[in-house]
Amino acid sequence: MRRSQIIPSAGILKKSYTILVVLLISLWVLLSVVRLGYNYVRAFSSEKEWFFMDDGEKRVRLLGYEHILLSTIEKRTTPTDSILFVLQDMQFSPGFGYKAIYYLYPRRLVFDTEKEWSADFSNSFSYIIFFGNKGMGMSKSLSQKYELDDHIQFDVLGMNIYKKK
Amino acid sequence: MNTIIVAVIIFFQIVTGFVLCQGFFSLRKRSIFETLPFAFGMGVGFYTYLLLILSQLHIEWNPLYILPLFLIATIYFLFGKKEEFEMRFSFYNKMTYFQKTMLAGIYVTVFYTLFQALLRPLYAWDGWAIWLVKSKAFYLDGFINPVIFHVLHDSYPFIMSLNSTLYYLFIGSADDKAVLVSYFGFYVMSGILLFSSFYKKIGIYMGLLSVFLFYTLQNEIRHGGRFEAGYSDLALGFYFFASLVIFRFFREKKLNSSIILLGIFLGMTSLIKQEGLAMAAIVAIQFIFYSLKARISIRKMILLFIGFVPFVNWYVFKLVNSINGSLYENSSFHMSRFFEIMYFMAKEFLNIQNWNLFWVVVVFCVPIIVKNRLIRYELFAAAALFFVYIGVFMVSPHDPSVHIPNVMNRLLLHVALIWFYILFTSVYELLNKKPIITLKFFTEHDEK
């Protein structure tokens, strides 16, 4: 058998390549149409409940307890207040600090962990907020200067807002 | 109601952009449809620059100071040189039934994304942590207060944040749900820009097909309205591609006003995100290279750098206020990461959920893309940016196995428009040079 009979000519290769490109694009179009249809089906089935929620409910759905906590703090404090957050640990709620800044700017915010915060240091804040998934309180020395302003309890999470007397 | 206010402000931004692009720059001879995306980009940039200047001059950000500008722009748009603002959708009347069906598919996709943009409040992480948090801070402070940059430990540029601040000023509150419409605006304008950039070259069939495929990419839909509206990557990709299109306009007619317009768009690109500076540098280098080759005088070339004045202003502002939150300050170079980076990039290319078959087709079409000399500048820009990103991952202080998968889908958004342009121009060339009877309708122009 001659070599030219085994190896397809450049013309056939080019034609095959062109057809493959067109087939791939056609498949892409088909998948896009299917995906678009799926998007609409999903919008009117699993996502239907979003239509009937008010803005607050949507934010709770997206951010969970963080929205409730931060919007409560926003309502209870003024823009000039300084707030110390005492968290169980910094990894307890990833990104909580950024969300807190977003909700509470221009309030001055400081974040600390339950293990490391210092009672002396804490005296300079208008509010101290304890936030964790088990009972978190405050030291006796601080309780003379701060009083419990609000408490929010979820299933396992709790937040105590202490206000300077 | 707030969403309607944002939509109205976007309308006035577009009108102002039209007046600037068609009245003062090189888009005079182009139809409204072709100018629309540039007008949008220009309008967004113009009003953010205005807020920046007012802030630096210690002038209050009062919507009443901005309203006269809207009014003047509208009067000029309606009554000044009316023949240049003629609505020219000439191609629409000549469209076939099949083309109109494709257009309907585009409308259905865009409507879905708009619906998603209106459905939920802000959820995108960068919206919380970078862009809209600063919009809110600027709005509450009434000026660009450097404190917020120190609080957030970042030094990201201002255009996207200030643009939302503009909407907040007119709304009268920091409504982060309403401003998501502006991110949808970048989604829509990206598609229009893509179509208008090459439909005369590749025909309406192929143009509409590419726009439909672009709009239906799930990653674009997410950033345009569904869950990830609030990231600035779509806007960055838009400005980068718009700059490359203007660079092509310049190569075609070599007008001085094109150089200024290119400089303005490159300046804006560098002020969307930090990656924008690399993009602007790549296009500026190409511009200088081309100008030297085409014997363009140095005096003309310098016009390009007028557009970078706001960037210099921003850089000085950062220096004066000691704003420097770069992640890469104390990084070192890790050559050993190369294969890992390639692996994660390839993985994202094959992420059909995000990109459908887009990158698969791009890779498959590499042989025709590299041969196509019509798109060599766009190809150089897109390829150079890939190398920049590879370099960034090599010096990143983060673990690449975590960092790359987290950001890769967004980095590819920056170049998606350019690759669509490159891909469909090359496929058109392939089909046009070697027509196969059954595929002829893909390459037919409406004029034929």
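Just so it is clear, the structure is predicted and the values come from calculations on it, not from any experiment.

Evaluation of the coordinates by the stated rule reveals 16 salt bridges over all chains. The partner of Asp55 of chain A in a salt bridge is Arg59 of chain A, with the nearest N and O atoms 2.8 Å apart. Residue Asp55 of chain A and its partner Arg59 of chain A are both found in helix α3 (residues 55-63); the two are separated by four residues, about one turn of the helix. Accessibility expressed as a relative area gives 34% for Asp55 of chain A, which makes it partly exposed. According to the relative accessible area criterion, Arg59 of chain A is buried, its value standing at 12%. Shared partners join several salt bridges into a network, and the residues in it are Asp126, Asp233, Lys273, Glu275 and Arg410 of chain B.

Residue and element names in this part refer to chain B. Topologically, Phe40 is positioned in helix α2 (residues 32-56). The buried category is assigned to Phe40, whose relative accessible area is 1%. Residues within four places of Phe40 in sequence aside, it is in contact with Ile10, Ile14, Ser182, Gly185, Phe186, Met189 and Phe238.

Time to look at the interface of chain A and chain B. Buried accessible area, meaning the area lost when the parts come together, often serves as the stated size of an interface. Of the residues lining the interface, 39 residues belong to chain A; the matching set on chain B comes to 58 residues. Both faces combined, the contact of chain A with chain B buries some 4400 Å², and carbon together with sulfur accounts for 73% of it. Considering only the surface of chain A that becomes buried against chain B, Trp28, Tyr102 and Tyr105 of chain A emerge as the three largest contributors, covering 21% of it. If you look at where chain A meets chain B, you find three salt bridges. Here chain A is connected to chain B by 16 residue pairs in polar contact (both at pLDDT 80 or more).

So, on to the pairing of strand β4 (residues 146-153) of chain A. All names here are of chain A. For β4 and strand β5 (residues 158-164), the ladder comprises seven bridges, and the chain directions are antiparallel. Note that in β5 the partner of His151 across the bridge is Asn160. Connecting β4 to the next strand, β5, in antiparallel fashion are four residues.

Let us look at the side chain of Asn145 of chain B. Tracing the backbone shows Asn145 of chain B in the loop between α6 (125-141) and α7 (147-152). Once residues within four sequence positions are removed from consideration, Asn145 of chain B is found in contact with Tyr105 of chain A together with Phe138 of chain B.

This brings us to the sheet that holds strand β2 (residues 108-113) of chain A. Hydrogen bonding along the main chain pairs the strands of a sheet, whether they run parallel or antiparallel. All names here are of chain A. Across the sheet, five strands lie side by side as β2-β1-β3-β5-β4; this open sheet has mixed pairing. Sheet topology places β2 and β4 at the edges, where each strand pairs with a single neighbour. Strand-to-strand twist across the sheet, computed as the mean angle between neighbouring axes with direction ignored, equals 20°. One ladder, built from six bridges, connects strand β3 (residues 127-132) with β5; its direction is antiparallel. Among the inter-strand pairings, Tyr127 is bridged to a residue of β5, identified as Lys163. Packing of helix α5 (residues 96-104) onto the sheet brings it into contact with β1 (82-87), β2 and β3, and relative to β2 it is tilted by some 160°.

The subject of this paragraph is the packing of α6 of chain B against helix α8 (residues 159-171) of chain B. Residue and element names in this part refer to chain B. At a minimum axis distance of 8 Å, the contact between α6 and α8 shows a crossing angle of 45°. Here α8 runs oblique to α6, going by the angle between their axes. Our pair here, α6 against α8, has a crossing hand that is right-handed. Here α6 contributes Ile130, Trp131, Leu132, Lys134, Ser135, Lys136, Phe138 and Tyr139 to the contact with α8, which in turn contributes Met160, Ser161, Leu162, Ser164, Thr165, Tyr168 and Leu169. Residues of the contact of α6 with α8, tallied by class, amount to nine nonpolar, four polar and two charged.

Residues and elements named next belong to chain B. In this model α8 runs 19 Å from its N-terminal to its C-terminal C-alpha over 13 residues, within 8% of the 18 Å that 1.5 Å per residue would give. For α8, the tally of buried residues reaches 13 of 13 residues, placing the bulk of the element in the interior. Immediately beyond the C-terminal end of α8, within one or two residues, lies Gly172, with a positive phi of roughly 90°.

Moving on, we come to unusual backbone geometry. Here Tyr105 of chain A and Pro106 of chain A are connected by a cis peptide whose omega angle stands at 10°. Considering the arrangement of structural elements, one finds Pro106 of chain A in the loop between α5 and β2. Phi angles above zero are rare outside glycine, and His153 of chain B is one such case at about 55°. Inspection of the secondary structure puts His153 of chain B in the loop between α7 and α8.

On to a nonpolar patch on the surface. Residue and element names in this part refer to chain B. Side chains of Ile53, Leu57, Ile59, Leu64, Tyr65 and Leu67 sit close together on the surface and give an oily, nonpolar patch of about 580 Å² of accessible area. Take the nonpolar patch: its biggest share by element is three residues, from helix α3 (residues 63-79). The topology assignment puts Ile59 in the loop between α2 and α3. The exposure class of Ile59 is partly exposed, given its relative accessible area of 35%.

Taken as a whole and judged by the stated rule, the model has 69 aromatic pairs over all chains. Considering the side-chain rings of Phe238 of chain B and Tyr239 of chain B, the 5.4 Å spacing of their centres and the 85° angle between planes classify their relative orientation as edge-to-face. An identical accessibility class is assigned to Phe238 of chain B and Tyr239 of chain B; each is buried. Seen from their ring centres, Phe420 of chain B and Phe424 of chain B are 5.8 Å apart, and the 10° between their planes marks the pair as stacked. Of this pair, Phe420 of chain B and Phe424 of chain B both sit in helix α22 (residues 400-433), separated by four residues, roughly a single helical turn. The buried category is assigned to Phe420 of chain B, whose relative accessible area is 0%. In this structure, Arg61 of chain A packs its charged tip against the face of Trp50 of chain A, placed 5.8 Å from the ring centre.

Moving on, we come to α2 of chain B. Residue and element names in this part refer to chain B. Between its terminal C-alpha atoms α2 stretches 34 Å, which fits the 36 Å expected from 25 residues at 1.5 Å a residue. The sharpest bend along α2 comes to roughly 30°, located at Phe38. The buried fraction of α2 is high, at 22 of 25 residues. Looking one or two residues past α2, His58 carries a phi angle of roughly 60°, positive in sign.

Rules of the game
Residues numbered from 1 in each chain as written. Chains lettered and ligands numbered in written order. Predicted model: local features only at pLDDT ≥ 70, side-chain atom pairs only at ≥ 80, totals over all residues. Heavy atoms only, no water. Salt bridge = Lys/Arg side-chain N within 4 Å of Asp/Glu carboxyl O. Helix = DSSP H or I, 4+ residues; strand = E, 2+ residues; numbered from the N terminus. Buried < 20%, exposed > 50% of the residue type's maximum accessible area, 1.4 Å probe, protein only. Contact = heavy atoms within 4.5 Å. Buried area = accessible area lost by both parts, 1.4 Å probe. Polar contact = N/O pair within 3.5 Å; in protein donor to acceptor, adjacent residues only side chain to side chain. Pairing = 2+ DSSP bridges. Axes fitted to C-alpha atoms, helices over the stretch in contact; angles between N-to-C directions. Parallel < 35°, antiparallel > 145°, perpendicular 65-115°, else oblique. Left-handed = near helix turned anticlockwise from the far one by under 90°. Nonpolar A, V, L, I, M, F, W, Y, C, P; charged D, E, K, R; others polar. Expected span 1.5 Å × (residues − 1). Patch = residues over 30% accessible without salt bridge, like charges linked within 9 Å, V, L, I, M, F, W, Y side chains within 5 Å. Areas by Shrake-Rupley, 256 points an atom, 1.4 Å probe, with all protein chains shown as cover. Phe/Tyr/Trp six-rings, centres within 6.5 Å; stacked < 30°, edge-to-face > 60°. Lys NZ or Arg CZ within 6 Å of the ring centre and 35° of its normal. Bend = angle between axes of the 7 residues up to and from the residue.

Any functional reading would require information that these geometric values do not contain.
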